[in-house]
Amino acid sequence: MTRAGLPASLVLVGAGKMGGALLEGWLADGLPGPRVAVVDPAVSPETARLCGTHGVRLNPPGLGAPEALVLAIKPQGLEGAAASVAALVTPATLVVSVLAGKTLADLKARLPGARAVVRAMPNLPASIRRGATGAAASPETTEAQRRVADALLSGVGLVEWLDSEDLIDAVTAVSGSGPAYVFLLAEALAEAGAAAGLPPEVAARLARQTVAGAGELLGRSPQEAATLRQNVTSPGGTTAAALGVLMAGDGLAPLMRAAVAAARRRAEELAG
Ligand SMILES: NC(=O)c1ccc[n+]([C@@H]2O[C@H](COP(=O)([O-])OP(=O)(O)OC[C@H]3O[C@@H](n4cnc5c(N)ncnc54)[C@H](OP(=O)(O)O)[C@@H]3O)[C@@H](O)[C@H]2O)c1
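Keep in mind the model is a prediction, meaning the values are calculated, not measured.

Asker: For this particular structure, what's the right way to read the packing of helix 7 (residues 178-195) against helix 8 (residues 200-220)?
Answerer: Working note: a packed helix pair is described by the angle between its axes plus the distance between those axes. It is the contact of helix 7 with helix 8, at a shortest axis distance of 8 Å, that shows an interaxial angle of 145°. Where helix 7 crosses over helix 8, the handedness of that crossing is right-handed. The segment helix 7 lies against helix 8, with Val182, Leu185, Ala186, Leu189, Ala190, Gly193 and Ala194 engaging Pro200, Ala203, Ala204, Leu206, Ala207, Arg208, Thr210 and Val211. Among the residues making up the contact of helix 7 with helix 8, the classes are represented as 12 nonpolar, two polar and one charged.

Asker: Can you help me understand the environment of Thr141 in this one?
Answerer: Mapped onto the elements of the fold, Thr141 is located in the loop between strand 7 (131-137) and helix 5 (143-154). Note on Thr141: 20 C-beta atoms within 10 Å, which makes it buried. Sequence-wise, Thr141 and Thr93 are 48 residues apart; in three dimensions their C-alpha atoms are separated by 9.7 Å. Discounting chain neighbours no more than four positions away, the residues touching Thr141 are Ala116, Val117, Val118 and Arg146.

Asker: Quick question: what am I supposed to make of the pairing of strand 6 (residues 116-121) here?
Answerer: When a strand is regular, its side chains alternate between the sheet's two faces. Where burial is concerned, most of strand 6 is hidden: six out of the six residues are buried. On strand 6, burial covers both faces: Ala116, Val118 and Ala120 on one face and Val117, Arg119 and Met121 on the other are all buried. Where the polypeptide runs from strand 5 (residues 94-97) across helix 4 (residues 104-110) and back to strand 6, its parallel neighbour, the crossover connection is right-handed.

Asker: Can you help me understand the domain arrangement of the chain in this one?
Answerer: According to the domain assignment, the chain consists of domain 1 (10-169) and domain 2 (178-271). A separation of 33 Å is found between the C-alpha centroids of domain 1 and domain 2. Each partner contributes residues to the interface: domain 1 has seven residues there, and domain 2 has eight residues.

Asker: Any chance you could explain the nonpolar core here in plain terms?
Answerer: Inside soluble globular proteins, nonpolar side chains tend to come together where they are buried. One finds Leu12, Val13, Val38, Val70, Ala72, Val95 and Leu152 to be the most contacted residues of the largest nonpolar core, which totals 57 residues. Ignoring anything within four residues of it in the chain, the contact list for Leu152 reads Leu6, Trp26, Ala68, Val70 and Val96.

Asker: Is there a simple way to think about the site of the ligand in this case?
Answerer: What surrounds the ligand is a group of 26 residues, the closest being Gly14, Gly16, Met18, Ala81 and Ala100. Those elements giving two or more residues to the shell around the ligand turn out to be helix 1 (17-28) and helix 3 (78-85). Of the residues assigned to the shell around the ligand, the class counts are 16 nonpolar, seven polar and three charged.

Asker: Would you explain unusual backbone geometry in this entry?
Answerer: Leaving glycine out, the prevailing phi sign among residues is negative, and the prevailing peptide bond configuration is trans. In the Ramachandran plot, Asn59 falls in the positive-phi region, its phi being about 45° despite a non-glycine side chain. Among the secondary structure elements, Asn59 is positioned in the loop between strand 3 (57-58) and strand 4 (68-71). A residue is classified by how many C-beta atoms lie within 10 Å of it, and Asn59, with 13 of them, is partly exposed. The residue Arg129 is not glycine, and still its phi comes out positive at about 60°.

Asker: I would appreciate a short explanation of the sheet that holds strand 5 in the present structure.
Answerer: Each strand in a sheet pairs with another by means of backbone hydrogen bonds, the pair being arranged parallel or else antiparallel. The strand order across the open sheet formed by eight strands is 3-2-1-4-5-6-7-8, and the pairing between neighbours is mixed. The sheet is open, and its two edges are formed by strand 3 and strand 8 (157-161), each paired on a single side. Taken together, the two bridges between strand 2 (residues 36-39) and strand 3 define a ladder with parallel strand orientation. Looking across to strand 3, one finds that Val38 is bridged to Leu58.

Asker: Would you mind showing me how to read the packing of helix 6 (residues 168-176) against helix 11 (residues 252-271) here?
Answerer: Axis separation between helix 6 and helix 11 bottoms out at 8 Å; the angle between their running directions is 130°. In terms of orientation, helix 6 and helix 11 fall into the oblique class. Note on packing geometry: the crossing formed by helix 6 with helix 11 is right-handed. Two secondary-structure elements touch here, helix 6 through Asp169, Ala170, Thr172, Ala173 and Val174 and helix 11 through Val260, Ala263, Arg264, Ala267, Glu268 and Ala271.

Asker: Help me understand helix 3, please; the structure alone is not making it clear to me.
Answerer: In an α-helix, one full turn covers 3.6 residues, which means residues spaced three or four apart are oriented alike. Within the span of helix 3, buried status applies to Leu78, Ala81, Ala82 and Val85. Viewed end-on, helix 3 has its buried residues packed into an arc of 105°, placing them on one side of the element. When the buried face of helix 3 is taken as reference, the exposed residues oriented beyond 90 degrees from it are Glu79, Gly80, Ala83 and Ser84. Where helix 3 is buried, its residues contact strand 1 (10-13), strand 2, strand 4 and helix 4.

Each value, and the rule that gives it
- Residues numbered from 1 in each chain as written.
- Predicted model: local features only at pLDDT ≥ 70, side-chain atom pairs only at ≥ 80, totals over all residues.
- Axes fitted to C-alpha atoms, helices over the stretch in contact; angles between N-to-C directions.
- Helix = DSSP H or I, 4+ residues; strand = E, 2+ residues; numbered from the N terminus.
- Left-handed = near helix turned anticlockwise from the far one by under 90°.
- Contact = placed C-beta atoms within 7 Å.
- Nonpolar A, V, L, I, M, F, W, Y, C, P; charged D, E, K, R; others polar.
- Buried ≥ 20, exposed ≤ 12 C-beta atoms within 10 Å, placed from the backbone.
- Right-handed = clockwise from strand over helix to strand, strands pointing away.
- Domains from an automatic or database assignment.
- Core = buried A, V, L, I, M, F, W, Y, C linked by C-beta atoms within 7 Å.
- Near = placed C-beta within 6 Å.
- Pairing = 2+ DSSP bridges.
- Parallel < 35°, antiparallel > 145°, perpendicular 65-115°, else oblique.
- Arc of directions from axis to C-beta.

Listed below in structure tokens is the structure:
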């Protein structure tokens, strides 16, 4: 069954890691390949194969304005790409951008026809369709266009809509950069395991599987993270002893607040 809301015609500009993940998500969601055209001068052999299998048109000549156009080039490639695709964007076209740091105003300036523009910030687990995306829309975006954007972005995971574009920097700091924080947790747990006497490779495998398993459990469970934590913490037990350290006044919470604030500040600086 095709996911409701997917557009009748779609152009994807840039089919690298993120664009390729989006394309895979749409096709898995039942979007018929012939509705999609990919514009990318150098797609990977895998993406070219995916396009061939599903009848997705690759760099076709004479493209007309699509219902939706998704920009997934590198941010520094916007200027170059805009020169070649600006003609495809009319006031009726929905533009969805995943370009880090490029504001709605930047996008409109580069694509003069654009009115309905959605700025989205996905994250790395989008590559396995478990991404977390924050999105903000220009005021001209209609409810119907927002549903189309939602359907497109949902192909790679959860989508949260923001009332204000200003919050994109906070999204970047929480979920955009967040996977790295979780990888660091696995590293730190492995190091602590080695310090507690385990052979380092054993500690690394145990820490990795613990983070992956707990993440999977959290993803599958309807319960809050705090409830899952409380459920595995017996009073006076070993977990409670460790949490006493991690949840102390100078524990993980203030450290995470400082880390997220630093990432947010940096996102603001990079966006100029
Ligand atoms: N990867 C992530 O986890 C992630 C997370 C959040 C946001 N994003 C955003 O996603 C965007 C893409 O990142 P990525 O990691 O997917 O980069 P990427 O793998 O380098 O993909 C970009 C693709 O666009 C192609 N391209 C370059 N110039 C083009 C043009 N003028 N017209 C059409 N295609 C062009 C590139 O080809 P060449 O290789 O030949 O240059 C490449 O295939 C970035 O703006 C980034 O901010 C990525």
